[in-house]
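One letter stands for each residue in the lines below.
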Amino acid sequence: MFHIWERPIFIAVQVIAKRTLKLFWSRHRQAETPLRAWHATVSPAAGCRPAAGNAPLGAQGDFVGPKRRIKELAGNKYRLIVHVAYAYKRVLIKFVGTHAEYDRINPETV
C-alpha cells in the first residue's frame, strides 16, 4: 500500500506463474504451506512504487536489482526470486528453490 495525499491506494497484483510454485512443492512437500501463504498474501495485495521503498505485500524482500527481490520462506529454508513489474502490476516468479539450490545460481540473471 502506498499513500498519495494521505489516502491509501490499493492495486491488485497478478502473480505469474503459480504453476512454478506447484511444481516445486510437488517435489518438496514442506514448501507447500509457505508458498501457498506467500501466494495468498501477494495475489490480492496492495502494490506500490519502488521509489516508496516498498513492493507488493509478500514480494517484499532484499533487492537484487531495480525490480528483483529475494524472499526467504520457512525460516530461510527456501528462497523465492521475483521480478516486480510495477507498471503492469505483476509479479513474475523467476526462481524458487532450496537454500542450497539458491547458492548455486546468480540471482541477478536467473
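Look up: the structure comes first, before these words.
Residues numbered from 1 in each chain as written. Predicted model: local features only at pLDDT ≥ 70, side-chain atom pairs only at ≥ 80, totals over all residues. Heavy atoms only, no water.

Asks: Is there a simple way to explain the overall build of the protein in this structure?
Replies: For the protein, the count of helices and strands is three helices and seven strands. Reading the secondary structure of the protein in the N-to-C direction produces β-β-β-α-α-β-β-β-β-α. Relative to its full complement of 110 residues, the protein shows a buried share of 39%. (Helix = DSSP H or I, 4+ residues; strand = E, 2+ residues; numbered from the N terminus. Buried < 20%, exposed > 50% of the residue type's maximum accessible area, 1.4 Å probe, protein only.)

Asks: So what exactly am I meant to see when it comes to the sheet that holds strand 3 (residues 14-16) here?
Replies: What links the strands of a sheet is backbone hydrogen bonding, and the strands pair in either a parallel or an antiparallel sense. The sheet built from five strands is open, its strands ordered 3-7-6-5-4 with mixed pairing. The open sheet is flanked by strand 3 and strand 4 (62-63), the only strands paired with a single partner. Two elements, strand 4 and strand 5 (residues 68-73), share two bridges in a ladder whose sense is antiparallel. Its bridge partner lying in strand 5, Phe63 is registered against Arg69. (Pairing = 2+ DSSP bridges.)

Asks: Is there a simple way to think about the nonpolar core in this case?
Replies: A general feature of soluble globular proteins is that nonpolar side chains tend to end up buried together. Membership of the largest hydrophobic core comes to 18 residues, with the highest contact counts inside it found for Leu21, Leu35, Trp38, Leu80, Val82 and Ile93. Mapped by element, the contributors of at least two residues to this core are helix 1 (18-27), helix 2 (32-42), strand 6 (78-85) and strand 7 (90-98). Here this core gets four residues from one element, more than from any other, and that element is strand 6. The residues touching Leu80, leaving out its near neighbours within four places in the chain, are Leu21, Trp38, Arg69, Ile70, Lys71, Leu73, Ile93, Phe95 and Val96. (Core = buried A, V, L, I, M, F, W, Y, C linked by side-chain atoms within 4.5 Å. Contact = heavy atoms within 4.5 Å.)

Asks: Even after reading the chapter, I still don't get the side chain of Arg68, so can you show me in this structure?
Replies: Relative to the helices and strands, Arg68 is located in strand 5. Within the buried set, Arg68 has no salt-bridge partner at all; the shortest N-O distance to an opposite charge, 8.6 Å, is to Glu108. In this structure the side chain of Arg68 is engaged in a polar contact, spanning 2.8 Å, whose partner is the backbone oxygen of Val110. Not counting the four nearest positions on each side in its chain, Arg68 is found in contact with Asp62, Phe63, Ile81, Val82, His83, Lys94, Pro107, Glu108, Thr109 and Val110. (Lys, Arg positive; Asp, Glu negative; His and termini not counted. Salt bridge = Lys/Arg side-chain N within 4 Å of Asp/Glu carboxyl O. Polar contact = N/O pair within 3.5 Å; in protein donor to acceptor, adjacent residues only side chain to side chain.)

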